[in-house]
Amino acid sequence: MLSERMLSKVIQTMTGQILNLQPATETVLPAPTPGKPYMLYMHVPFCERLCPYCSFNRFPFQEEKAKPYFANLRKEMRMLKDLGYDFKSVYIGGGTPTIMLDELCETIDLARDLFSVEEVSSETNPNHLIPEYVEKLKGRVQRLSVGVQSFDNGLLKQMDRYDKYGSGEEIMERIAYASPYFPSMNVDMIFNFPAQTEDILFADLEKVCATGCTQTTFNALMASPATAKKMAETVGKVDYDREYRYYRIIDGVLTGGENPLFDHGSAWTFNRRTGSGSAMIDEYVVTYEEYPAIGSGGITYLGKNLYVNTFSVKDYNAAVEAGNMSVMLKTTFSDRNRMRYRFMMQLFGGRLDKVQFRKDFGVSVDAGLPAEMAFMRFNGAFDHDDDNELTLTPLGRYLTLVMMRQFFIGVNNLRDQARAALTGEERTLVFGDGCEACAAEAAEAAGAAGQPEGE
């Protein structure tokens, strides 16, 4: 699709400019703006095994490293409390947040003691959907998001997930068992895997609907420069030319017809209509534009600034134990880039508030972003386009998905840069069995993406 290729190229260039980070001088995050709502993001970077397509900060699980890490997460939460922050919503991502269940529960309990927390969203993996885990998470977690990616056994084996998490049939049974324990159970899928056929996609959609989950997310497969080669070797090269066709299949099955099972929560999140639970969104950046992040590899957005925490668990622990936060890199958004960020995030959520946009930026969205508006209008992206709001057509939702896909690839590029700066054992753990060639490839990819060298 020509519009997809044009948009991908534009967002790739824009993201490279926006995410041109430099070493940060701050040792703590700035204090909150009174009256502004914030969400707290926590990152747990430990996994039982590492998936080849994942660009998030993650390390193979070692208990002797994970236990003090959780203790420092709790210390960092107290620092935010001392700065004056309060949160109604907490999102815990990874890695695998449930890798040490008791430590996670203690961390959630402290967050509820310190802040006005009403909802906690946590990621997990299928092997943790067992009685011991769900009983302890019940009441503590309101939205549990389980990383499935696909129910197809062939794809699970190709992704090195079959032996780790079981067959598609076993995963379905575990989701069906765990779903009643949580107001919102999200099944997190990926589409457009190279070996994924239309028949496999239709089968995945049928199985998602059969699990009884209240929500599903179909993320487009994303390949950053450092993961693209490894991904090509394991799951194959990504074909973006068929992405729109696959997206239309997903959208049609889940939200089409006279009595659809799901409604749109965002461009790639779908909420079950018959679900009685909360429709908490998968991408928290839609609901909360600003959010501090704690933990190694966390990314914060506050005011005009984006901060990236160190990807080294060793350096993270040292910073927190010295009474500091672990900010490593920083960039400041121009007013135009702040408008672009708002435009992308709100449209991804399905609606841009034109009145609030003018209030916050002092100009209309047409005056502030004339090229972006012209492109979207030319391609028929807007359903409602009046003085108050913008909403999207089905094609508009896909184009917004493309924007987010390319933006997240850009974020993955900066993760590659931060990861390439690791040294010693941590570099070996991430890049695999002392594979210095892999580390060199990642460093080269980060440089090619226009990212500065890490500290």
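In this text, all values refer to a predicted model and were calculated from it rather than measured experimentally.

Visitor: It is not clear to me how the overall build of the protein chain should be interpreted in this structure. Could you clarify?
Guide: Check the secondary structure of the protein chain and you find 19 helices and 18 strands. Looking at the protein chain residue by residue over its 455 residues, the buried ones come to 59%. Of the contacts made within the protein chain by residues no fewer than 6 positions apart, 73% connect residues no fewer than 24 positions apart. For the protein chain, the accessible surface area stands at approximately 17,800 Å², while carbon and sulfur atoms represent 50% of it.

Visitor: I would appreciate a short explanation of the sheet that holds strand β10 (residues 262–264) in the present structure.
Guide: The pairing of strands in a sheet happens through backbone hydrogen bonds and is either parallel or antiparallel. Spatial strand order, β10-β11-β9-β8-β7-β6-β5-β2-β12: nine strands in an open sheet with mixed pairing. Of all the strands in the sheet, just β10 and β12 (293–294) have a single pairing partner and so form its edges. Looking at chain direction, strand β6 (residues 119–124) and strand β7 (residues 143–149) are connected through four bridges and run parallel. Across the sheet, residue Ser121 finds its bridge partner in β7, namely Arg143. Running over the sheet, helix α8 (residues 198–211) touches β8 (184–191), β9 (215–220), β10 and β11 (269–272) and is turned about 175 degrees from β8.

Visitor: Would you mind showing me how to read the pairing of β6 here?
Guide: A regular strand places its side chains on the two faces of the sheet in alternate fashion. Relative to β6, strand β5 (residues 89–94) runs parallel, the two sharing four bridges. Paired with Tyr91 across the two strands is Ser121, which belongs to β6. Since β5 and β6 lie parallel, the crossover through helix α3 (residues 101–114) that links them has a hand, and here it is right-handed. In this view, the connection linking β6 to its parallel neighbour β7 by way of helix α4 (residues 131–137) has right-handed handedness.

Visitor: Please clarify how the packing of helix α13 (residues 335–348) against helix α16 (residues 370–378) should be interpreted in this entry.
Guide: The geometry of a pair of packed helices is captured by two quantities: the angle between their axes and the separation between those axes. Packing of α13 against α16 leaves a shortest axis separation of 11 Å and a crossing angle of 30 degrees. With respect to α16, the axis of α13 lies roughly parallel. Of the residues in α16, those touching α13 at Arg336, Arg340, Phe343 and Leu347 are Pro370, Glu372, Met373 and Met376. Broken down by class, the residue content of the contact of α13 with α16 amounts to five nonpolar, no polar and three charged.

Visitor: Would you mind showing me how to read the packing of aromatic side chains here?
Guide: Describing an aromatic ring pair means giving the distance of the ring centres and the angle of the ring planes. Tallied over the full model, the rule gives 19 aromatic pairs. Here the aromatic rings of Tyr244 and Tyr398 are separated by 4.6 Å at their centres, their planes lie at 35 degrees, and the arrangement is tilted. Linking Tyr244 in helix α10 (residues 243–255) with Tyr398 in helix α17 (residues 394–420), this pair joins segments that are 154 residues apart in sequence. Members of the aromatic cluster, connected to one another through ring pairs, are Trp268, Tyr301, Phe333, Tyr341, Phe348, Phe407 and Phe408. One cation-aromatic arrangement involves Lys157 over Tyr162; the distance from NZ or CZ to the ring centre is 4.8 Å. Residue placement shows Arg248 over the ring face of Tyr244; its charged tip is 4.7 Å from the ring centre.

Visitor: What is the right way to read the pattern of salt bridges from this model?
Guide: Pairs can form between side chains of opposite charge once their charged atoms are near each other. Inspection of every chain in the model, using the stated rule, returns 25 salt bridges. Its salt-bridge partner being Glu103, residue Arg74 comes within 3.0 Å of it at the nearest N-O pair. Linking Arg74 in helix α2 (residues 63–83) with Glu103 in helix α3, this pair joins segments that are 29 residues apart in sequence. Judged by its relative accessible area of 9%, Arg74 is buried. Between Asp102 and Lys136 there is a salt bridge whose closest N-O contact spans 2.7 Å.

Visitor: Quick question: what am I supposed to make of unusual backbone geometry here?
Guide: Gly95 follows Gly94 through a cis peptide bond whose omega is 15 degrees. Structurally, Gly95 can be placed in the loop between β5 and α3. A positive phi angle is found at Asp160, which is not glycine, with a value near 60 degrees. Within the secondary structure, Asp160 is located in the loop between α5 (153–158) and α6 (162–165). Look at Asp160 and you get partly exposed, because its relative accessible area is 27%.

Here is what the cut-offs are and how they apply
- Residues numbered from 1 in each chain as written.
- Predicted model: local features only at pLDDT ≥ 70, side-chain atom pairs only at ≥ 80, totals over all residues.
- Heavy atoms only, no water.
- Helix = DSSP H or I, 4+ residues; strand = E, 2+ residues; numbered from the N terminus.
- Buried < 20%, exposed > 50% of the residue type's maximum accessible area, 1.4 Å probe, protein only.
- Contact = heavy atoms within 4.5 Å.
- Areas by Shrake-Rupley, 256 points an atom, 1.4 Å probe, with all protein chains shown as cover.
- Pairing = 2+ DSSP bridges.
- Axes fitted to C-alpha atoms, helices over the stretch in contact; angles between N-to-C directions.
- Right-handed = clockwise from strand over helix to strand, strands pointing away.
- Parallel < 35°, antiparallel > 145°, perpendicular 65-115°, else oblique.
- Nonpolar A, V, L, I, M, F, W, Y, C, P; charged D, E, K, R; others polar.
- Phe/Tyr/Trp six-rings, centres within 6.5 Å; stacked < 30°, edge-to-face > 60°.
- Lys NZ or Arg CZ within 6 Å of the ring centre and 35° of its normal.
- Salt bridge = Lys/Arg side-chain N within 4 Å of Asp/Glu carboxyl O.

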